[in-house]
Amino acid sequence: MQAPGRPTLVMMHQPPFESGIGYIDAYNCRGGARLAAILARHRQVERLVCGHIHRFMQLRFGGTLLVTAPSTTTAIALRLAAGARPASYVEPPALLLHDWREGTGLITHHVPIGTFPGPYPFY
């Protein structure tokens, strides 16, 4: 890495882990253990951000936090049973907003997209 002291985001499409959703895991990124070993050597990686699954997930991976983005369209059904049939649903769309705060670090917000009731008083 050219700037080992600079906080870094790594972004990729297919996630390098098995989510438990077999019909989507069939298309994940192979070589996840190799990638995890590389990331573990680079402590400046704040997040590994992935798409493809169309569901928000987070886990520790390679010494950092891996997050998958929610869907802005249809969401992959959360079917964790072995041999589950592929499906997707129209769920509220959302995105991830990554906000770097000096002194705090990277904060990742899950942000639903749409118009919702409120604002309500906050006590």
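These figures come from a predicted structure and were not determined experimentally. (Residues numbered from 1 in each chain as written. Predicted model: local features only at pLDDT ≥ 70, side-chain atom pairs only at ≥ 80, totals over all residues. Heavy atoms only, no water.)

A. Summary view of the pattern of salt bridges. Applying the stated criterion to the full structure yields 2 salt bridges. Salt-bridge contacts for R55 lead to E91; the nearest nitrogen and oxygen are separated by 3.5 Å. A residue pair is termed long-range when its members are at least 10 positions apart, and R55 in the loop between β2 (45–50) and β3 (57–61) and E91 in the loop between β6 (88–90) and β7 (94–101) qualify at 36 residues. The class for E91 is partly exposed, based on a relative accessible area of 31%. Residues D99 and R101 are paired through a salt bridge, measuring 2.7 Å at the closest nitrogen-oxygen approach. (Salt bridge = Lys/Arg side-chain N within 4 Å of Asp/Glu carboxyl O. Helix = DSSP H or I, 4+ residues; strand = E, 2+ residues; numbered from the N terminus. Buried < 20%, exposed > 50% of the residue type's maximum accessible area, 1.4 Å probe, protein only.)

B. Fine view of the environment of G105. If you trace the backbone, G105 turns up in strand β8 (residues 105–112). Sequence separation between G105 and H42 is 63 residues; the distance between their C-alpha atoms is 16 Å.

C. Examining unusual backbone geometry more closely. Cis geometry is adopted by the peptide bond preceding P119, which originates at G118 and carries an omega value of 10°. With respect to the secondary-structure elements, P119 resides in the segment after β8. One non-glycine residue, H52, adopts positive backbone phi at about 75°. Backbone geometry places H54, a non-glycine residue, at a positive phi of 60°. Looking at the element boundaries, H54 is found in the loop between β2 and β3.

D. Quick peek at the nonpolar core. By size, the foremost hydrophobic cluster in this structure holds 15 residues, and its most contacted members are I21, L48, F61 and L66. Elements represented by at least two residues in this core include exactly α1 (22–25), α2 (32–40), β2 and β3. Beyond its immediate stretch of four places on either side in the chain, I21 contacts R55, M57, I76, A77, L78, R79 and L80. (Core = buried A, V, L, I, M, F, W, Y, C linked by side-chain atoms within 4.5 Å. Contact = heavy atoms within 4.5 Å.)

E. Just the pairing of β8, in detail. Relative to β8, β7 runs antiparallel, the two sharing 8 bridges. Looking across to β8, one finds that W100 is bridged to L106. If you look at the hairpin formed by β7 and β8, you'll find 3 residues sitting between the two strands, and G103 has a positive phi there, around 90°. (Pairing = 2+ DSSP bridges.)

F. Here's a closer look at the state of the cysteines. Summed over all chains, the structure comprises 0 disulfides. You can see C29 has no disulfide; the closest cysteine sulfur is in C50, sitting 8.2 Å from it. Overall, the relative accessible area of 27% leaves C29 in the partly exposed class. Look at C50 and you get buried, because its relative accessible area is 2%. (Disulfide = S-S within 2.5 Å.)

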